[in-house]
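Read off the chains here:
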Amino acid sequence: MKKLFLLIAAACASLTAAADEGMWLLPYLQKMNIKEMKARGCKLSAEEIYSVNKSSLKDAIVIFGPGCTGEIVSADGLLFTNHHCGYGSIQALSSVEHDYLKNGFWAMSREEEIPAPGLKVRFIRKISDVTSDILGYVPDIASGEERARIVAEHAAAVRSRIAQDNPGMEVLVKDFFGGNQFFAFVIEVFSDVRLVGTPPTSIGKFGGDTDNWMWPRHTGDFSVFRVYAGPDNKPADYAPENRPYKADKFLKVSVDGYKEGDFAMIMGFPGSTSRYMTSFEIDRMLDIENPQRIFIRGERQAILKEDMAASDKVRIQYASKYAQSSNYWKNSIGMSRGIRKLNVKAQKEAQEAAFRKWAEANTLPTEGYMDALDRIREAVEGNASAFAAEQVLREALYRAVEILTPARSFLAVEKITDQARSKEAMRAFYKDYNPATDRRVAKRMMQIVKEKCGDLPTVFAEVIDKRFGGDTDAYVDYLYDNSVFATEEGTLAFVDDFSVGKRDADPAVVFVRSLDAKLLELADAQRENNRRFKDGHRLYIAGLMRMQPDKAWASDANFTIRLTYGRVLPYDPADGIRYNYYTTLKGVMEKEDPKNPTEFTVPDKLKELYAAKDFGRYANAEGELPVAFLADCDITGGNSGSPVMNAKGELIGLAFDGNWEAMSGDVAFEPQLGSDVGRRGFRAAAAAHDRRGCPLCALRHRQVRRCEMADRRVVDRLTEAESIVEPGSDFRFRFLFITICKQIMALCFFLA
């Protein structure tokens, strides 16, 4: 693999990258990026951003929960992230009596901070290139199952060795560039995380689905948590005596504002991109994957939305589930639109034609580059039918029909040895479960599966057709009327009187076994083509790098820590239209819609403040109260909650969303759309925690370029954070989240 190592080294060590495209790996900032960053205005050294031997900006950036980014903003472990990132925990802590979703929550002392069970925060402690330790043992001619086995064996050995050297830490080994490079990450995991503050939904989700992915945006998408540790400042399970985590590095919040053209950078954990996607995969996305997801999720969401509107209890139970579904649903709509509008397929076809020509002229057949694209095409086409069927079953049944979840949890159980623990897990599930809603969803999903899935689970022929004459509604009623898993009471009684016979006879267990067997069958049918695809994908990427050795290549996002940088800028979404680079409180007033109170409610107190123009020191030079802003940074899902920093590495906003015109950016980055001040982006709404300067900002995720974030001119002495003053009972009106987007400042003030 010597040629490969030299290739990767050349790509990562000798080039200076432009900011237009790239989620850059931190270990290569000095060699690839810092010169360009300084030319654009950055005041930091590469060592101050990422250092192997001492504290750096990297140490303030964390993985928040299962799929977001957060940042530490005080010496006592205070953490900012998006409202939608904390949404699941906020929802889990809410009830009809304590509706933190609707009303918000602010801890007035550390004793009032609420533990968030199951929430974890992860710090990246070490990063190391382990490519030679893994690929050094792979023969050049190895492919398919043989190569996968060798790679897996040596990756496991690397993981084991590093884990022994770092007791108590998680170790992840991740592949980059389609399996052409590998890095190991040593991670410290903290599990005592507590809710400090969250705005009400009227701020945190202002605009709802209507505004999602759109600019101009006026959402205050932020929430605040704190990381706690044991007496040795190491991770510890929740205990009342745990102490706030003492951070060696935390972000200072800037009070200097920003202006058009200012340098901006974002560090976080972008989740997934497919910039090396081929035209064959684009066909599958546009013809199969996105249409099925859009249709199935849309049907389920309509039912959830109707039931949520009819009941506060159901609204709280399903708020997080609905949000998780609708975000990617709308993303898929925008993705398909953007790919077609920008003719991305034709761009990919041109690149593929150039690659074939290069491979024929410059490589040998034994190297594999000549047939790399054919391997990808054959794999995609060969798996089309099974892929489509599997997606329908996963979207419509596995993810959507909730009664199957508790049933599945007992499939491998022969004897319940800890009834209390089992009951606790079941109670946690049923806390956010409404049988009537799930029954309605199941009826619609079963109809869809019968109509859309070309390879049905056996339960359709053996039970639904034989016993119910193909009537899926009648079968669903039978299922929910007779399964113990349809209610919490039935499930808890089942735990008390468990037997294998009772489990196996339950109709939900019969259903889930049939579904899981079909999913396994479909996965097996795709396995060989998936191996062929991986080989082709790896060779295609390696070949592109050989074909263009002077280009600075960036690996696809894979939820590892990255840096991107750009400028605060406006953009042009279409001919004759220019969007300003920030929004103001005026836009909140203009968007109020009494006919749509779920998405566009503005409290009376905020209207009074706006009418009085009583913005104090939070107004900009024009007398406006800024809310959100734009910057051209290359980010995507997973960057939600990422800090947006100025040239000095100070916090000015949180990444929280992407603009509609840039939805194809996960597949194909369009430099011209950024350089002409248009079309990619992120929004950010920011806020600050006024404990004499404790900062807070918010933003949200998705898509590249034009990072919309929040204006952060807020509290004096933010740099000194909460260590200076702890609020007491007389601190009530200062212990508020005053936004950088002053909208939040004002609203939270009057709600406090």
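Relevant structure appears above.
Structural notes, computed from the coordinates. (Residues numbered from 1 in each chain as written. Predicted model: local features only at pLDDT ≥ 70, side-chain atom pairs only at ≥ 80, totals over all residues. Heavy atoms only, no water.)

For the pair helix α13 (residues 372–398) and helix α21 (residues 507–547), interaxial distance at closest approach is 8 Å and the crossing angle is 155 degrees. Regarding the angle of α13 to α21, the classification is roughly antiparallel. As α13 runs across α21, the sense of the crossing is left-handed. A class-by-class count of the residues in the contact of α13 with α21 yields 19 nonpolar, seven polar and eight charged. (Axes fitted to C-alpha atoms, helices over the stretch in contact; angles between N-to-C directions. Helix = DSSP H or I, 4+ residues; strand = E, 2+ residues; numbered from the N terminus. Parallel < 35°, antiparallel > 145°, perpendicular 65-115°, else oblique. Left-handed = near helix turned anticlockwise from the far one by under 90°. Nonpolar A, V, L, I, M, F, W, Y, C, P; charged D, E, K, R; others polar.)

You can see Phe468 is positioned in helix α17 (residues 458–468). Separated by ten residues in the primary sequence, Phe468 and Tyr478 have C-alpha atoms spaced 9.5 Å apart. Those residues in contact with Phe468 that sit more than four places away from it in its chain are Val463, Ala474, Tyr475 and Tyr478. (Contact = heavy atoms within 4.5 Å.)

This part takes up the nonpolar core. Core analysis: the biggest nonpolar cluster contains 83 residues, and Leu397, Ile403, Met445, Tyr475, Tyr480 and Phe485 have the highest contact counts within it. If you tally residues by element for this core, the top one is α21, at seven residues. What Tyr475 contacts, discounting residues up to four positions off in sequence, is Met446, Val459, Val463, Ile464, Phe468, Pro507 and Phe511. (Core = buried A, V, L, I, M, F, W, Y, C linked by side-chain atoms within 4.5 Å. Buried < 20%, exposed > 50% of the residue type's maximum accessible area, 1.4 Å probe, protein only.)

It is worth spelling out helix α10 (residues 279–310) at this point. A rise of 1.5 Å per residue sets the reference length of α10, with its 32 residues, at 46 Å; its end C-alpha atoms lie 45 Å apart and thus fit the reference within 8%. The principal kink in α10, of about 45 degrees, is found at Met285. (Expected span 1.5 Å × (residues − 1). Bend = angle between axes of the 7 residues up to and from the residue.)

Attention shifts here to helix α23 (residues 604–612). Residues of α23 that are buried include every one of Leu606, Leu609 and Tyr610, and no others. Along the axis of α23, the buried residues cluster in a sector spanning 100 degrees; they form a single face. With respect to the buried face of α23, the exposed residues turned more than 90 degrees away are Asp604, Glu608, Ala611 and Ala612. Where α23 terminates, the next one or two residues include Lys613, which has phi positive at roughly 50 degrees. (Arc of directions from axis to C-beta.)

A separate point is the packing of aromatic side chains. For any pair of aromatic rings, geometry is given as the distance between the ring centres together with the angle between the planes. Following the criterion strictly, the structure yields 32 aromatic pairs and no others. Here the aromatic rings of Trp358 and Tyr369 are separated by 5.9 Å at their centres, their planes lie at 65 degrees, and the arrangement is edge-to-face. With a gap of eleven residues between them, Trp358 in helix α12 (residues 344–362) and Tyr369 in the loop between α12 and α13 connect regions that are remote in the sequence. For Trp358, a relative accessible area of 13% gives the class buried. The exposure class assigned to Tyr369 is buried, which follows from its relative accessible area of 10%. With a centroid separation of 5.4 Å and an interplanar angle of 85 degrees, the aromatic rings of Tyr430 and Tyr433 are classed as edge-to-face. Here the two residues Tyr430 and Tyr433 agree in accessibility, since each one is buried. Site record: aromatic cluster; members linked through ring pairs are Tyr28, Phe176, Phe183 and Phe185. In this structure, Lys205 packs its charged tip against the face of Tyr87, placed 5.2 Å from the ring centre. (Phe/Tyr/Trp six-rings, centres within 6.5 Å; stacked < 30°, edge-to-face > 60°. Lys NZ or Arg CZ within 6 Å of the ring centre and 35° of its normal.)

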